[in-house]
Number of protein chains: 2
Amino acid sequence: MSEEGQDRELLQQPWVPVFLGGMRLLAKSSFGDAEYWLLLSDMQNMWEEKVDTSVIQDRAQELNKRLRAPVDAFFSHLCTVARPLLAGEVSSELEDNREPPVISVHSRPERLTLQLKSELAGVPFYWEFRCVQSSVPVVCSQLVRPLLAVSRVLQKQVMELAAQLSRKDVEIQDYRESGAVLSRERLQTEEFDLHRYRETFVTQVLPKVCAVQDCFGFDATLQDLYAAVTAQETKHQQKGLVIR
Amino acid sequence: MSEEGQDRELLQQPWVPVFLGGMRLLAKSSFGDAEYWLLLSDMQNMWEEKVDTSVIQDRAQELNKRLRAPVDAFFSHLCTVARPLLAGEVSSELEDNREPPVISVHSRPERLTLQLKSELAGVPFYWEFRCVQSSVPVVCSQLVRPLLAVSRVLQKQVMELAAQLSRKDVEIQDYRESGAVLSRERLQTEEFDLHRYRETFVTQVLPKVCAVQDCFGFDATLQDLYAAVTAQETKHQQKGLVIR
């Protein structure tokens, strides 16, 4: 895949909340034939590693002195072990009776290392994802711009739903004026007022939403929206349109 | 003000869309007695400058060889000129018959310089905001985390409004079942279905919202929410709570 194609593919993938070596992180990754690109963030910082076949070969040899397997063989093993972890899944694809991989994470502002110990053909297989701090433009492209777009899209939804509520209020008002009466009083709703709603929301609901804010706040709905807005962004880029 | 207090103050300020020297940027700034902190972003990158009195004094002398005014005098002039520009306002506070300041912006990935030429006591006064690229943690703190929180808050609003729509549908259904008829057919609304709404939204509305995506997408409502969520974040920090 071309570098640009890889960029696009990774951009459109959702950020997945993962729990690795005791650390809560957001992850996205793209595994190729014998290459990968990994992004990790704890929302205070962001790190990444992008490596090709030759780096993979050298590192495997460095970490596993006695390894004699060809790169295809151990890379496909690495994928089987690492992909479910980085996708937030419990690894169920491992063969029976196999020990789950052992993970440890070492993070500093400039560097995050993810150490993985698994078992390949009955012997231990060691791997390290050696991530360095991402650049500010990558953080902007992978988090800032999509999150602003998601916010704008959700804001639009709020406006549309508020308009639908007002239309329902008009319909309800018309029934009431024609003398219609509810069979049960508790079905009666209050007239919706967006301004009042927002005021109450900010003082009463917002503090609770913010209090539980964490990486895991990137829930399934937000991830779907993230994927949808980044798909739009890459579509515009392909057309050569400026959407800044 | 303590450094921590300054951090908190700047975090809670909204990002203001500005148009400086032909560039669309988001800005936030905090001006003290004879010190300032400025953040600028074009959503591809982020730059900042934080300077104290001695730097201001030296730079003023460097750029204005014949300047003899004390630092208080020209700093208050600089505030009068720069603050409205960085707040996205047309400078109306300038004294009558005064030429508006001339601005030029030079940006590179690592550096953004904002040159300002104004008039102080009848002679030209030059200033340069010499911003360097922000660190990834600053980008995370000033944009990523607040935008994720804003998204979650808006997502909560969408869920709440959807629930209100369903309650109104139940009320409407009850009127209809009691035989009530609308005075005008066009007042009739369709039953709301969140799942169907989202599907239609993603294919029909979302592409339009994303097409006009730019810095200026940070509109007043989003800015209010930004201020509200960052106020919560700093409140939690002060209490020593972890809200990552």
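Preceding block: the structure.
Our subject in this report is the structure included herewith.

Quick notes on the rules
- Residues numbered from 1 in each chain as written.
- Chains lettered and ligands numbered in written order.
- Predicted model: local features only at pLDDT ≥ 70, side-chain atom pairs only at ≥ 80, totals over all residues.
- Heavy atoms only, no water.
- Helix = DSSP H or I, 4+ residues; strand = E, 2+ residues; numbered from the N terminus.
- Buried < 20%, exposed > 50% of the residue type's maximum accessible area, 1.4 Å probe, protein only.
- Contact = heavy atoms within 4.5 Å.
- Areas by Shrake-Rupley, 256 points an atom, 1.4 Å probe, with all protein chains shown as cover.
- Salt bridge = Lys/Arg side-chain N within 4 Å of Asp/Glu carboxyl O.
- Axes fitted to C-alpha atoms, helices over the stretch in contact; angles between N-to-C directions.
- Parallel < 35°, antiparallel > 145°, perpendicular 65-115°, else oblique.
- Left-handed = near helix turned anticlockwise from the far one by under 90°.
- Phe/Tyr/Trp six-rings, centres within 6.5 Å; stacked < 30°, edge-to-face > 60°.
- Lys NZ or Arg CZ within 6 Å of the ring centre and 35° of its normal.
- Nonpolar A, V, L, I, M, F, W, Y, C, P; charged D, E, K, R; others polar.
- Buried area = accessible area lost by both parts, 1.4 Å probe.
- Polar contact = N/O pair within 3.5 Å; in protein donor to acceptor, adjacent residues only side chain to side chain.
- Least-squares fit on C-alpha atoms with pLDDT ≥ 70 in both.
- Pairing = 2+ DSSP bridges.

1. Overview of the overall build of chain A
Next, step 1: Within chain A, the regular secondary structure consists of 6 helices and 7 strands.
Next, step 2: Ordered by position from the N terminus, the helices and strands of chain A form the series α-β-β-β-β-α-α-β-β-β-α-α-α.
Next, step 3: Per-residue burial over chain A gives 50% buried out of 244 residues.
Next, step 4: At a minimum sequence separation of 6, the contacts of chain A that also span at least 24 residues come to 55%.
Next, step 5: Taken as a whole, chain A presents about 12,000 Å² of accessible surface, with 49% of it coming from carbon and sulfur.

2. Quick word on the pattern of salt bridges
Two side chains of opposite charge can pair, provided their charged atoms sit close to one another.
Next, step 1: Counted by the stated rule, this structure contains 12 salt bridges over all chains.
Next, step 2: With a closest N to O distance of 2.6 Å, arginine 59 of chain B and glutamate 49 of chain B form a salt bridge. Of this pair, arginine 59 of chain B sits in helix H2 (residues 53-63) while glutamate 49 of chain B sits in strand E4 (residues 46-51), and the two are 10 residues apart along the sequence. One exposure class covers both arginine 59 of chain B and glutamate 49 of chain B, and it is buried.
Next, step 3: One salt bridge in this structure joins glutamate 62 of chain B and arginine 130 of chain B, with 2.8 Å as the shortest N-O distance. Placement of glutamate 62 of chain B in helix H2 and of arginine 130 of chain B in strand E7 (residues 123-133) is noted, with a sequence separation of 68 residues between them.
Next, step 4: Counted as one network, the salt bridges with shared partners bring together Glu62, Glu128 and Arg130 of chain A.

3. Looking at the packing of helix H4 (residues 136-177) of chain A against helix H4 (residues 136-177) of chain B
Next, step 1: One way to put it is that H4 of chain A packs onto H4 of chain B with a least axis distance of 8 Å and a crossing angle of 20°. Overall, the two elements H4 of chain A and H4 of chain B adopt an arrangement that is roughly parallel. Seen along the crossing, H4 of chain A lies across H4 of chain B with a hand that is left-handed.

4. Digging into the packing of aromatic side chains
All names here are of chain A.
Next, step 1: Evaluation of the coordinates by the stated rule reveals 17 aromatic pairs over all chains.
Next, step 2: With 5.0 Å between their ring centres and 65° between their planes, tyrosine 36 and phenylalanine 129 make a pair best called edge-to-face. Of this pair, tyrosine 36 sits in strand E3 (residues 36-41) while phenylalanine 129 is found in strand E7 (residues 123-133), placing the two residues 93 residues apart along the sequence.
Next, step 3: Residue classification places phenylalanine 129 among the buried positions, given a relative accessible area of 1%.
Next, step 4: Taken together, a centroid distance of 5.7 Å and an interplanar angle of 45° make the contact between phenylalanine 192 and tyrosine 197 tilted.
Next, step 5: On the basis of relative accessibility, which here comes to 9%, the residue phenylalanine 192 falls in the buried class.
Next, step 6: Here the aromatic residues Phe31, Tyr36, Phe75, Trp127 and Phe129 are joined through ring pairs into a cluster of three or more.
Next, step 7: In this structure, lysine 50 packs its charged tip against the face of tryptophan 37, placed 3.9 Å from the ring centre.

5. Regarding the packing of helix H2 (residues 53-63) of chain A against helix H3 (residues 71-86) of chain A
All names here are of chain A.
Next, step 1: Axis separation between H2 and H3 bottoms out at 11 Å; the angle between their running directions is 85°. In this view, H2 runs roughly perpendicular relative to H3, as classed from their interaxial angle. Contact with H2, carried on its side by Thr53, Ile56, Gln57 and Ala60, involves Val71, Phe74 and Phe75 of H3 and no other residues of that element.
Next, step 2: Here the contact of H2 with H3 is built from residues that sort into 5 nonpolar, 2 polar and no charged.

6. Considerations on the interface of chain A and chain B
Bring the parts together and some accessible area is lost; that lost area is often taken as the interface size.
Next, step 1: The interface is formed by 79 residues belonging to chain A together with 79 residues belonging to chain B.
Next, step 2: Here chain A and chain B share an interface that buries about 7,600 Å² over both sides, 67% of which is from carbon and sulfur atoms.
Next, step 3: We note a salt bridge from glutamate 171 of chain B to arginine 176 of chain A, for which the minimum N-O separation is 2.6 Å.
Next, step 4: Counting across the chain A and chain B interface gives 23 residue pairs in polar contact (both at pLDDT 80 or more).
Next, step 5: Contributing elements (two or more residues each) for the side of chain A that touches chain B: H4, helix H5 (194-211) and helix H6 (220-239) of chain A.
Next, step 6: Counting residues per element, the side of chain A that touches chain B draws most heavily on H4 of chain A, at 33 residues.
Next, step 7: Its residues placed into classes, the side of chain A that touches chain B shows 43 nonpolar, 18 polar and 18 charged.

7. Description of the relation of the copies chain A and chain B
Next, step 1: Relative to chain B, chain A is turned by 180° and slid 0.0 Å along the rotation axis, the superposed coordinates differing by an RMSD of 0.1 Å. Classification of the inter-copy transformation places it as that of a two-fold axis. When C-alpha positions in chain A are compared against the rotation axis, the closest is assigned to serine 151 of chain A, at 2.4 Å.
Next, step 2: A high fraction, 100%, of the interface residues of chain A reappear at the interface in chain B, so the copies pair face to face through one surface.

8. Quick look at the pairing of strand E6 (residues 111-120) of chain A
Residues and elements named next belong to chain A.
Next, step 1: Here 7 bridges tie strand E5 (residues 102-108) to E6, and the two strands are oriented antiparallel to one another. Across the sheet, arginine 108 pairs through a bridge with arginine 111, a residue of E6.
Next, step 2: Between E5 and E6, which pair antiparallel in sequence order, lie 2 residues.
Next, step 3: Bridging between E6 and E7 involves 10 bridges; their strand directions are antiparallel. By the bridge assignment, leucine 112 is partnered in E7 with cysteine 131.
Next, step 4: Remark: 2 residues form the turn of the hairpin made by E6 and E7, two consecutive strands paired antiparallel; alanine 121 in that turn has positive phi of roughly 50°.

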